[in-house]
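Coordinate analysis (summary)
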Amino acid sequence: AEISNGAKIFEANCASCHIGGGNILISQKTLKKEALSKYLENYDSDSIEAIIHQVQNGKNAMPAFKGKLSSEEILEVAAYVFQNAEQGW
Ligand code: HEM
């Protein structure tokens, strides 16, 4: 199967901490649907926007990607995370 741009961006920038949709630093703050709904602000009202906000700005031990990734790349990786959260990684 063709590998999406979102998947490539995730592998290159996120998988070091979030391999398989997990979280190696704060184990409960995964990228799974239930965790996003519980811990990520505004996830239930606007999921993609909530992920974009976290990626742009970072939080605590997670670095900010604004300036490192373009806004198009951030949108692609956010859509990839959302799709995998919905599908169950
Ligand atoms: C949390 C996405 C890169 C460390 C999160 C959350 C999302 C996310 C959506 C919220 C999860 C939740 O609260 O359940 C991403 C994406 C990345 C990325 C798409 C790549 C563009 C990284 C990297 C690290 C990291 C490289 C480690 C150096 C963390 C940590 C949290 C977190 C520690 C919890 C923050 C807190 O609430 O204290 N990430 N992440 N992330 N991420 Fe990332």
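Everything below is about the structure printed above this text.
Overview of the structure. (Residues numbered from 1 in each chain as written. Predicted model: local features only at pLDDT ≥ 70, side-chain atom pairs only at ≥ 80, totals over all residues. Heavy atoms only, no water.)

Quick look at the nonpolar core
Grouped together as the largest cluster of nonpolar side chains are 21 residues, with contacts concentrated most on Phe10, Leu36, Leu40, Tyr43 and Ile51. With six residues, the single largest contributor to this core is helix 5 (residues 71-87). Setting aside anything within four residues of it in sequence, one finds Tyr43 in contact with Lys33, Leu36, Ser37, Ala50, Ile51, Phe82, Ala85 and Glu86. (Core = buried A, V, L, I, M, F, W, Y, C linked by side-chain atoms within 4.5 Å. Buried < 20%, exposed > 50% of the residue type's maximum accessible area, 1.4 Å probe, protein only. Helix = DSSP H or I, 4+ residues; strand = E, 2+ residues; numbered from the N terminus. Contact = heavy atoms within 4.5 Å.)

As for the site of the ligand
Neighbouring the ligand are 23 residues; Cys14, Cys17, His18, Lys29 and Met62 lie closest to it. Here His18 contributes a side-chain N or O atom positioned 2.8 Å from a nitrogen atom of the ligand. Take Asn60: an N or O atom from its side chain is 2.7 Å from an oxygen atom of the ligand. A breakdown of the residues in the shell around the ligand according to their chemical character gives 14 nonpolar, seven polar and two charged. (Near = heavy atom within 4 Å. Polar contact = N/O pair within 3.5 Å; in protein donor to acceptor, adjacent residues only side chain to side chain. Nonpolar A, V, L, I, M, F, W, Y, C, P; charged D, E, K, R; others polar.)

So, the coordination of the iron atom of the ligand
Coordination of the iron atom of the ligand by the protein is provided by His18 (NE2) and Met62 (SD), with metal-donor distances spanning 2.0 to 2.2 Å. Every donor counted, the six donor atoms about the iron atom of the ligand form angles of 85 to 179° at the centre, which fits octahedral coordination. Of this pair, His18 sits in helix 2 (residues 15-18) while Met62 is found in the loop between helix 4 (47-57) and helix 5, placing the two residues 44 residues apart along the sequence. (Donors = N, O, S within 2.8 Å, 3.2 Å for Na, K, Ca; no water. Tetrahedral: all angles 85-135°; square planar, octahedral: opposite > 155°, others 65-115°.)

With respect to unusual backbone geometry
For Asn60, which is not a glycine, the phi torsion comes out positive at approximately 50°. In this fold, Asn60 is placed in the loop between helix 4 and helix 5. Judged by relative accessible area, Asn60 falls into the exposed class, the value being 71%. The phi torsion at Trp89 lies on the positive side, around 45°, for a residue other than glycine. Along the chain, Trp89 falls in the segment after helix 5.

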